[in-house]
Amino acid sequence: MSDGTNFQIPKTSQGDVLRPNLNSFQRTRSQNVIVSWDRTFSNKALLQTSFYQKWSKSRLLPNDDPLGAKADGKRTVATYGIKSDVTRYAGRHVVKSGIDLVMLRPDEQLSYLSQPWIDYTHVIGSDHIHFRGPNRGPVVFDQKRTGGQVSAYVQDNVQLTRALPADIGFKPGDRVPVD
């Protein structure tokens, strides 16, 4: 499954007159893939294993207007995982236990130059904040990380009476850095 969106960043009617070429927009895309495998051992035991992959990307595209802040940004998040669980039916109990291993990989780059925006605020006589990087240049951020998590769980769905079930579970979680 995947989807995407393109949207224009709105501007005021005054901005449309003073900055006609300012047509900033952002583009987003995402994708999800799940592949599952089931194995029935008996009428009382079932194994289910799934591999999943997800990624999303958001991109702020730069503009060419001399009075528009120069922003260029890209953020991508990739997730890869495998989840496996066993379900066992025993009398009034349905016991399920499993493990989920996930790896996360965010990657982000941003460059933002506010000087054109500062120039615009001088034209319209508005207050502004000087947000600048070193030597009055752009603010730049560029970082990529890798991390992960391991989770395990046990749960029991027990039928206490004909009309009263109880779900009891335990899930310890532990983060595992993969750097």
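1. Here's the deal with the overall build of the protein chain
- Counting its regular elements, the protein chain contains 2 helices and 9 strands.
- Rg of the C-alpha trace for the protein chain: 26 Å, well past the compact-globule value of 16 Å for 179 residues, more than 25% over.
- Once local pairs closer than 6 in sequence are excluded, the contacts in the protein chain between residues at least 24 apart make up 60%.
- On the protein chain, roughly 12,200 Å² of surface is accessible, and the fraction owed to carbon and sulfur atoms is 56%.
- When the 24 positive and 17 negative side-chain charges of the protein chain are each reduced to one mean point, those points stand 6 Å apart.

2. Section: helix H2 (residues 115-124)
- Looking only at H2, the buried set comprises Pro116, Ile118, Tyr120 and Thr121.
- Each element contacted by the buried residues of H2 is listed here: helix H1 (13-18), strand E4 (70-90) and strand E5 (93-113).
- Looking one or two residues beyond H2, the residue adopting positive phi is Gly125, at roughly 70 degrees.

3. Quick notes on the pairing of strand E2 (residues 25-42)
- Relative to E2, strand E1 (residues 2-8) runs antiparallel, the two being bridged by 7 bridges. From the neighbouring strand, Ser2 faces E2, where its bridge partner is Gln31.
- Here E2 folds back onto strand E3 (residues 45-61) in antiparallel fashion, the turn holding 2 residues.

4. Looking at the pattern of salt bridges
- By the definition in use, this model includes 3 salt bridges.
- Between Glu108 and Arg75 there is a salt bridge, with the nearest N and O atoms lying 3.3 Å from each other. Residue Glu108 is found in strand E5, and its partner Arg75 is found in strand E4; the two are separated by 33 residues along the sequence.
- In this structure, Asp85 engages Lys83 in a salt bridge whose closest nitrogen and oxygen atoms are separated by 3.5 Å.
- Asp85 sits in the buried class, given a relative accessible area of 3%.
- Note on Lys83: relative accessible area 32%, which makes it partly exposed.

Analysis parameters
For every chain, the first residue of the written sequence is number 1, and numbering continues from 1 onward in sequence order. Side-chain atom pairs in this predicted model are given and counted only at pLDDT of 80 or more, local residue features only at pLDDT of at least 70, and totals for whole chains, interfaces and linings cover all residues. To obtain the side-chain values, all non-hydrogen atoms of the structure were included, while hydrogens and water were left out. For the purposes of this entry, the term helix denotes a DSSP run of H or I that reaches at least four residues, the term strand denotes a run of E that reaches at least two, and both are numbered from the N terminus. We take the radius of gyration over the C-alpha atoms and set the globule estimate at 2.2 Å times the residue count to the 0.38 power. Here a residue-residue contact requires only that any non-hydrogen atoms of the pair lie within 4.5 Å. For every accessible area listed, the method is Shrake-Rupley and the probe measures 1.4 Å; residues are considered covered only by the protein chains on display. Only four residue types enter the tally: Lys and Arg on the positive side, Asp and Glu on the negative side; His and the chain ends are excluded. Where a charge lies is defined by one atom per residue type, namely NZ (Lys), CZ (Arg), CG (Asp) and CD (Glu). Per-residue accessibility, obtained with a 1.4 Å probe over protein chains only, is compared with the maximum for each type, and a residue is labelled buried under 20%, exposed over 50%, and partly exposed between these values. Being paired, for any two strands, means DSSP has found at least two bridges between them. For this analysis, a salt bridge means a side-chain nitrogen from Lys or Arg found within 4 Å of a carboxyl oxygen belonging to Asp or Glu.

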